[in-house]
Amino acid sequence: MTDPGQRLRSSLAADQAASSGADFDSPIAMEALRATRVLHAANQEPFPAPGRIRVITIANQKGGVGKTTSAVNLGVALSLYGLRTLVIDLDPQGNTSTALGVDHTVGTPSIYDALVGDHSLSEVVHPTTASPLLHCVPATIDLAGAEIELVSVVAREYRLRRSIEAYLYSLPADQRPHYVLVDCPPSLGLLTLNALVAGDEVLIPIQCEYYALEGLGQLLNNIDLVRQHLNPGIAVRTILLTMYDGRTKLADQVAEEVRKHFGDLVLNAVIPRNVRVSEAPGYGQSVLTYDPGSRGSTSYVEAARELAERGVSLPPLSAPPAPGGPPTTPMNAVSVAPRAFADTDAATVPVPPSSEERA
């Protein structure tokens, strides 16, 4: 396994050695330089904009694998480097809202009001302090009852999708987000189903431990069912390795197995175990704003950069949006979020072998 900071160290040395002659082998010098790059992101070359609006569902039914942490820090990184980003907190625990410093106490306009009530998404979008380009739709504890309340609702699986469509069409073209990141709860219930129906692609964070692989087959099967019956454009597009501990052979083995099965879907950037990543939400911040020089911050910036670079190859917007009001055509038929890979078979994504098969 490649050291997660090796590529960054090489690029920093190449960029700066000629002018400063700094000693990049010094941990203090490296951390200071990393912090400078993040803090002054606006003065650097921005990340490339995608060919279309990317609606990314961040899902994994196993808890504690880094879904919320990844949604928060990828969102902040993308926005700091010039891309308009909307993060939707679909977890009743509201941890994404906490990390972005957005109020999510009872009574706060939230995603619950858009799913169950009669609010539009534009009424429940809140700004964040991390970046003027980053907005968040918070989740309150009311969302815990949404799955029961939605049972009797017609087309309940499409509630989030229609809210996002209407929101995107309500904005001028130059104000629409480049990225919509949906943070799912650690389950495969109706909330996660709404997120899968609403998304164009799925990003799966995988913790570098064996248990993280065991439930992956079930998640992939559910994504395949959604693709067949509800959302033809959805498929796994990105795998992010999280909580990598370079001191253990297990982390290397899990990372190697994931790369073997998923190939190019796995980002080269790896998120290491880093205490700063865990501390940041306690201060209502992402790790990029809490400790921009930390390895966790650097790794998420690299992951976001790679995610953005992959988005460049997506087909460009082809048709102007419908004038006024919510859309009347599917998202794959318009320029807001066309399904760029609708003809790709998600079933071709390999499933890690079971313990019996390994034996």
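Values in this document were obtained by computation on a predicted structure and should not be read as measured data. For every chain, the first residue of its written sequence is number 1, and the numbers climb from 1 along that sequence. Where totals are concerned, whole chains, interfaces and linings use all residues; where local detail is concerned, this predicted model gives features only for residues with pLDDT of at least 70, and gives and counts side-chain atom pairs only at 80 or more. The basis for the side-chain values is all heavy atoms of the structure; hydrogens and waters are excluded.

Enquirer: What exactly am I supposed to notice about the sheet that holds strand β8 (residues 266-272) here?
Expert: Backbone hydrogen bonds hold the strands of a sheet together, and the pairing may be parallel or antiparallel. With mixed pairing, the eight strands of this open sheet are ordered in space as β3-β4-β2-β5-β1-β6-β7-β8. Looking at which strands have only one partner, the edges of the open sheet turn out to be β3 (126-127) and β8. Two strands qualify as a pair provided that DSSP identifies no fewer than 2 bridges between them. A run of H or I in DSSP becomes a helix once it reaches four residues, and a run of E becomes a strand once it reaches two; helices and strands are each numbered from the N terminus. Here strand β6 (residues 201-207) runs beside strand β7 (residues 236-244); their pairing, made up of six bridges, is parallel. The partner of Ile206 across the bridge, within β7, is Leu241. Should any heavy atoms of two residues lie within 4.5 Å, those residues are counted as being in contact. Only C-alpha atoms enter the line fits that serve as axes; for helices the fit covers just the stretch in contact. Angles between N-to-C directions range over 0 to 180 degrees. Strand contacts of helix α7 (residues 159-170): β1 (54-58), β2 (85-89) and β5 (179-183), with the helix running at about 155° to β2, the strand carrying the most contacts. Contacting β6 and β7, helix α10 (residues 216-229) runs over the sheet at an angle of about 175° to β6.

Enquirer: How do you make sense of the packing of aromatic side chains when you look at a structure like this?
Expert: Pairs of aromatic rings are described using the distance from one ring centre to the other and the angle between the two planes. Working definition: rings of Phe, Tyr and Trp (its six-membered ring) pair if their centres are within 6.5 Å, and the pair is stacked with planes under 30 degrees apart, edge-to-face with planes over 60 apart, and tilted otherwise. Scanning the model with the defined rule gives two aromatic pairs in all. Ring geometry for Phe47 against Tyr81: centres 4.4 Å apart, planes inclined by 5°, an arrangement best described as stacked. Of this pair, Phe47 sits in the loop between α2 (27-39) and β1 while Tyr81 sits in the loop between α3 (67-80) and β2, placing them 34 residues apart in sequence. In terms of burial, Phe47 and Tyr81 fall into one category: buried. Geometrically, the ring pair formed by Tyr283 and Tyr290 is stacked, given 5.0 Å between the ring centres and 20° between the ring planes. For the exposure calls, accessible area comes from a 1.4 Å probe over protein chains only, and a residue counts as buried if that area is under 20% of its type's maximum, exposed if over 50%, partly exposed in between. A relative accessible area of 56% means that Tyr283 is categorised as exposed. For Tyr290, a relative accessible area of 23% puts it in the partly exposed group. Two conditions define a charge sitting above a ring: the NZ of Lys or the CZ of Arg must be within 6 Å of the ring centre, and it must be within 35 degrees of the ring normal. When the ring centre of Tyr169 is taken as origin, the NZ or CZ atom of Arg176, which lies over that ring, is 5.9 Å away. One residue, Arg305, lies across the ring of Tyr81, its end atom 5.6 Å from the ring centre.

Enquirer: Explain the pattern of salt bridges to me, please; I cannot follow it from the model alone.
Expert: Oppositely charged side chains may form a pair once their charged atoms are brought near each other. A side-chain nitrogen of Lys or Arg and a carboxyl oxygen of Asp or Glu constitute a salt bridge if their distance falls within 4 Å. Applying the stated criterion across every chain yields a total of eleven salt bridges. Here Arg227 ties to Asp224 by a salt bridge, and the two come within 2.8 Å at their closest N and O atoms. Separated by three residues within a single helix, Arg227 and Asp224 lie in helix α10, roughly one turn from each other. Taken as a pair, Arg227 and Asp224 share a single burial class, namely buried. Of the charged contacts in the structure, one is a salt bridge between Arg276 and Asp291, with a shortest N-O distance of 2.9 Å. Of this pair, Arg276 sits in helix α12 (residues 275-279) while Asp291 sits in the loop between α13 (287-290) and α14 (295-311), and the two are 15 residues apart along the sequence. Residue Arg276 is classed as partly exposed on the basis of its relative accessible area, which comes to 32%. One network of salt bridges, with partners in common, ties together Arg52, Arg54, Asp200 and Glu201.

Enquirer: Help me understand the nonpolar core in this model?
Expert: Note on soluble globular proteins: their nonpolar side chains tend to be buried together. Side-chain atoms within 4.5 Å link the members of a nonpolar core, which is a set of buried Ala, Val, Leu, Ile, Met, Phe, Trp, Tyr and Cys residues. Core analysis: the largest hydrophobic core is formed by 54 residues, its most contacted members being Ile88, Ile111, Leu121, Leu160 and Ile204. When neighbours within four sequence positions are excluded, Ile88 is seen to be in contact with Ile111, Leu121, Val137, Leu160, Ile164, Val180, Leu181, Val182 and Asp183. In this structure, Phe47, Tyr179, Ile271 and Ala280 belong to the second largest nonpolar core, which totals 34 residues.

Enquirer: Looking at this model, I keep getting lost on the pairing of strand β4 (residues 134-137). Mind explaining?
Expert: Both β2 and β4 contribute to a ladder of four bridges, which runs parallel. Bridge pairing links Val87 to Cys136 in β4. Connecting β3 to the antiparallel partner β4 that follows it, the hairpin turn spans six residues.

Enquirer: Can you help me understand the pairing of β7 in this one?
Expert: Here is the key point about a regular strand: its side chains alternate between the two faces of the sheet. Of all nine residues that make up β7, eight are buried, and the element is covered over most of its length. Each parallel crossover has a hand, and the one from β7 via helix α11 (residues 249-262) to β8 is right-handed. We call a crossover right-handed when, viewed with both strands directed away from the observer, the connection leading from the first strand over the helix to the second proceeds clockwise.

Enquirer: What exactly am I supposed to notice about the layout of surface pockets here?
Expert: Which parts of space are left empty comes out when a probe the size of a water molecule is rolled across the atoms. Buriedness of a pocket was judged along seven lines, with at least five required to meet protein on both sides within 12 Å; pockets are open sets of points on a 1 Å grid over the protein atoms alone, cavities are sets where a 1.4 Å probe fits but cannot get out, and lining residues have an atom within 4 Å of a point. Grid points are joined across faces, edges and corners, and a volume is the space filled by probe spheres set on the points. As a volume, the largest pocket reaches approximately 500 Å³. Looking at the largest pocket, it is lined by 30 residues, and the ones nearest its centre are Gly66, Thr68, Thr69, Met243 and Val277. Elements with a contribution of two residues or more to the lining of the largest pocket: α3, α4 (95-99), β7, β8 and α12. Broken down by element, the residue count for the lining of the largest pocket peaks at five residues, all from α3. Along the lines of polarity and charge, the residues of the lining of the largest pocket split into 13 nonpolar, 14 polar and three charged. Gly is placed with the polar residues, together with every amino acid not listed as nonpolar (Ala, Val, Leu, Ile, Met, Phe, Trp, Tyr, Cys and Pro) or charged (Asp, Glu, Lys and Arg).

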